[in-house]
Amino acid sequence: MTSHQAADAGAPDAGALDTGALAPGAGIGPGVATMRRVLGRLGVRSPLGRDIVLAAVWGVVTLALLGGLLATGELGVAPRGPSSPQITVMVVLAVVQCAPLALRRVRPVAVLLVVAVLQAGLLAVVPSGIALWTAAPVVAAYTVGSLRSTRVAVGASLGAIGVATVGAVVGATDVVARRLGGGDAVSTPGAQLYGEGASGVVVEVLALLATGVLVIGVSAAVGSWVALRRSHDRDARARAAETVEHQATRTREAVAAERTRMARELHDVAAHHLTGLVVQAGAAERLVDADPDRAKESLRSVRAQGRETLDALRSIVGILRETGDDANGTVPVPGLGDVPGLVDSARASGAVVEVRSQGTLPVLAPLADVTAFRTVQEALVNARRHSPGAVVELSIDATAERLTIVVENDLPADGGTEHTPGYGLVGMRERAALVGGALEAGVAAPAGARAAGAAQRWRVRLELPVETDTEVTSGGPA
């Protein structure tokens with residue numbers, strides 16, 4: 001008789017009906033997704049419900065495969081084939097073996113061991129020489145590999161293989177088959193395939209053991225590989241989400257920094273121009289009766305500076321409102337070359353500004369250029385605000401490597417308005433640090449002959465590096 005090695009483990013892939021083994025959010029195939037939708041329409045939405053359906057489906061498939069094997073004589077034919085009691089026990093064990101799969105994700109290791117016990121009983125009942133493995137051990141071992149650690153999966157697989165080996169030994173000796181009325185030892189397929197006697201039994205046990213290692217070991221290995229792939233996919237999605245969140249955070253920080261910058265621009269413009277307007281309006285009020293012509297001139301200056309303030313504010317607000325690529329309407333960014341106009345504006349508002357320039361002014365980088373302008377602007381505004389009437393000294397010292405700007409003014413003798421570092425000074429320091437410069441602001445002790453009884457002086461000192469050798473022929477802002 002030829003070999004009757006038959007196994008229905010080659011039935012439809014267990015993963016095709018494994019509709020609940022995938023973690024939430026994990027990538028699933030279109031077939032599994034379709035199965036889930038179909039079960040959802042039938043009211044089966046929970047993982048336990050899908051496992052119960054899976055167990056029932058495999059029970060039906062196993063019953064159909066056993067019927068096909070019996071009908072084709074793959075399990076032997078009368079009078080040497082399995083007896084009716086053998087067939088009944090085989091069918092019951094094979095079908096009942098699928099029932100524990102309903103709890104495969106609740107207790108995967110326990111389910112694998114129960115399935116292994118039933119598989120051992122099945123191997124003990126079938127005629128020797130036949131390795132009958134159903135789909136239940138495949139699904140159970142796969143589930144353990146996909147849901148448990150590698151160490152647990154290896155231990156559970158070895159335990160299941162050991163239990164199945166006991167059934168293989170019993171089946172190889174045909175002890176149970178004879179009690180159920182099966183063929184004698186001489187006529188069994190195992191006797192003709194592996195030989196008679198003890199050596200034949202040993203060879204058959206080893207063959208059944210190898211089959212068990214392949215079925216359970218390979219299934220658990222595939223489950224472990226699937227679990228590793230899912231873990232990798234989850235990590236990749238987590239890294240992608242983290243990257244997106246990091247980019248969103250950087251975007252929010254950039255937006256906040258830009259808003260802060262624009263707030264400082266608004267502060268610089270408003271503080272400079274509005275302070276001049278207030279000073280000139282006060283001068284016009286004092287001159288309106290004593291010198292109407294000068295009062296009118298002062299009011300014309302107020303009107304001109306008010307228009308300049310509105311233009312500057314419109315420019316900055318326009319930048320905030322622009323959204324298209326073809327947005328326009330902005331004015332050129334002020335720089336060191338605009339300092340003379342800044343000084344003239346301060347003098348027109350009644351301030352006394354003395355300018356001293358040494359060296360030839362260099363061409364600064366755009367950001368450093370606007371930093372120099374804003375620093376002079378803020379210093380002049382603070383001088384008029386905190387020390388009205390005091391002489392302001394502006395010194396600009398240019399060398400090949402550095403540009404130094406110093407603005408000094410006497411503090412009021414009575415203490416007057418205290419110089420407390422405010423938002424403007426913070427912005428000036430940050431601007432200077434951004435371009436590699438340094439800014440110092442504070443009370444400077446008088447030196448030399450002025451030390452005795454001299455008033456305290458407020459000094460703002462800015463140093464900027466010169467990054468280009470190109471120079472302007474202008475001799476300075478005087």
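Residues numbered from 1 in each chain as written. Predicted model: local features only at pLDDT ≥ 70, side-chain atom pairs only at ≥ 80, totals over all residues. Heavy atoms only, no water.

### Details of the overall build of the chain
To be explicit about the condition: Note on conventions: DSSP H or I runs of at least 4 residues are helices, E runs of at least 2 residues are strands, and numbering of each starts at the N terminus. We call a residue buried when its accessible area falls under 20% of the maximum for its residue type, exposed when it is over 50%, and partly exposed in between, using a 1.4 Å probe and counting protein chains only. Note on definitions: a residue-residue contact is assigned when non-hydrogen atoms from the two residues lie within 4.5 Å. Reported accessibility uses the Shrake-Rupley method at a 1.4 Å probe radius. Residues are deemed covered only where the shown protein chains occlude them.
Across its full length, the chain holds 13 helices and five strands. Residues classed as buried in the chain amount to 42% of the 478 residues present. A sequence separation of at least 24 residues applies to 76% of the contacts in the chain between residues at least 6 apart. Summed over its atoms, the accessible surface of the chain is roughly 24,400 Å², and 61% of this surface lies on carbon and sulfur atoms.

### Considering the sheet that holds strand S5 (residues 457-465)
This is how the line gets drawn: The pairing criterion for strands is at least two bridges between them, as found by DSSP. Note on method: axes are straight lines fitted to C-alpha atoms, helices fitted across the in-contact stretch only, with angles between N-to-C directions ranging 0 to 180 degrees.
Spatially, the five strands line up as an open sheet ordered S1-S2-S3-S5-S4, and their pairing is mixed. Across the chains shown, the open sheet's two edge strands, defined by having one partner strand only, are strand S1 (352-358) and strand S4 (438-444). On average, each strand axis in the sheet is inclined to that of its neighbour by 10°, with strand direction left out of account. Sheet topology places S1 next to strand S2 (residues 391-398); seven bridges connect them, and they run parallel. Within the sheet, the bridge partner assigned to Gln358 lies in S2 and is Asp397. The strands touched by helix H11 (residues 339-348) within the sheet are S1 and S2, with S1 carrying the most contacts at an inclination of about 160°.

### Observations regarding the confidence of the model for the chain
As a reminder, the rule being used: Per residue, pLDDT captures the predictor's confidence, and it can take any value from 0 to 100.
Averaged over all residues, the pLDDT of the chain equals 75, while 72% of them reach at least 70. Put simply, helix H8 (residues 189-194) is where the chain has its lowest mean pLDDT, 47, and S2 is where it has its highest, 92. Note that residues 184-195 has pLDDT below 50 and, in this model, 32 contacts with residues that lie over four places away or in other chains. A low-confidence stretch, residues 469-478 stays under pLDDT 50, and its non-local contacts, those more than four residues away or across chains, total 22 contacts.

### A word on the packing of helix H3 (residues 84-96) against helix H4 (residues 108-125)
To be explicit about the condition: The scheme is simple: roughly parallel for angles under 35 degrees, roughly antiparallel for over 145, roughly perpendicular for 65 to 115, oblique for anything else. By convention, the crossing between two helices is left-handed when the near helix turns anticlockwise from the far helix through less than a right angle, and right-handed when the turn is clockwise. Under the grouping applied here, Gly and all other residues not named as nonpolar or charged are polar, the nonpolar ones being Ala, Val, Leu, Ile, Met, Phe, Trp, Tyr, Cys and Pro and the charged ones Asp, Glu, Lys and Arg.
For the pair H3 and H4, interaxial distance at closest approach is 9 Å and the crossing angle is 160°. Taken together, the axes of H3 and H4 lie roughly antiparallel to each other. In this structure, H3 meets H4 at a crossing whose hand is left-handed. Contacts between H3 and H4 pair Gln86, Val89, Met90, Leu93, Ala94 and Val96 from the former with Leu118, Gly121, Leu122 and Val125 from the latter. Looking at the contact of H3 with H4 residue by residue, the classes come out as eight nonpolar, two polar and no charged.

### Overview of the side chain of Glu463
The cut-off we apply is this: Throughout this description, a polar contact denotes any pair of N or O atoms lying within 3.5 Å of each other; where both atoms belong to protein, one of them has to be capable of donating a hydrogen while the other can accept it, and for residues adjacent in sequence the pair is counted only when both atoms sit in side chains.
Structurally, Glu463 can be placed in strand S5. In this structure the side chain of Glu463 is engaged in a polar contact, spanning 3.3 Å, whose partner is the side chain of Arg402. For Glu463, the contacting residues outside a window of four places in its chain are Arg402, Leu403, Thr404, Gly437 and Ala438.

### Observations concerning a nonpolar patch on the surface
So the rule is basically this: Residues form patches when they are more than 30% accessible in relative terms and have no salt bridge. Like charges link within 9 Å. Nonpolar side chains (Val, Leu, Ile, Met, Phe, Trp, Tyr) link within 5 Å. For salt bridges, the criterion is a side-chain nitrogen of Lys or Arg within 4 Å of an Asp or Glu carboxyl oxygen.
Among the surface-exposed residues, Leu48, Ile52, Leu103 and Val106 lie close enough to one another that they form a single nonpolar patch of about 340 Å² accessible area. The residue Leu103 is located in the loop between H3 and H4 in this model.

### Examining the packing of helix H2 (residues 47-72) against H3
Contact geometry for H2 and H3: axes closest at 9 Å, N-to-C directions at 155°. In terms of their interaxial angle, H2 and H3 are classed as roughly antiparallel. Crossing geometry of H2 relative to H3 is assigned as right-handed. Note on element contacts: H3 touches H2 through Ile87, Met90, Val91, Ala94 and Val95, opposite Gly59, Thr62, Leu63, Leu66 and Leu70.

### Let's talk about the pattern of salt bridges
According to the stated counting rule, one finds nine salt bridges in the structure shown. Between Asp51 and Arg104 there is a salt bridge; the shortest N-O distance is 3.2 Å. Taken together, the residues Asp51 in helix H2 and Arg104 in the loop between H3 and H4 connect sequence positions 53 residues apart. By sharing partners, the salt bridges in this structure join Glu393, Glu408, Asp410, Arg457 and Arg459 into a single network.

### Structural notes on the nonpolar core
What counts here: What makes a nonpolar core is a set of buried Ala, Val, Leu, Ile, Met, Phe, Trp, Tyr and Cys residues whose side-chain atoms join them at distances within 4.5 Å.
Formed by 34 residues in total, the largest nonpolar core has its most connected members in Leu336, Leu364, Leu394, Leu403 and Ile405. Taken together, the elements giving at least two residues each to this core come down to H11, helix H12 (366-386), S2, strand S3 (402-410), helix H13 (423-434) and S5. Per-element accounting of this core gives the leading share, seven residues, to H12. Look past the residues within four positions of Ile405 in its chain and what remains in contact with it is Leu336, Ala372, Val376, Leu394, Ser395, Ile396, Val460, Arg461 and Leu462. Among the nonpolar cores identified, the runner-up in size contains 30 residues, and Leu112, Val139, Ala156 and Ile161 belong to it.

### A closer look at the environment of Arg431
Here Arg431 shows up in helix H13. Distance in space between the C-alpha atoms of Arg431 and Leu367 is 8.4 Å, their sequence separation being 64 residues.

### Some details on helix H6 (residues 150-173)
Inclusion rule: In this analysis, the expected span of each helix is defined as 1.5 Å times one less than the number of residues it contains.
The end-to-end C-alpha separation of H6 is 35 Å, in line with the 34 Å expected for 24 residues at 1.5 Å each. Directly after H6, the chain includes Asp174, whose backbone phi takes a positive value near 60°.

### Re the side chain of Asn409
In this structure, Asn409 sits in strand S3. Residue Asn409 is classed as buried on the basis of its relative accessible area, which comes to 2%. Sequence-distant contacts of Asn409, that is, excluding residues within four places in its chain, are made with Ala383, Ser387, Val391, Val392, Gln456, Arg457 and Trp458.

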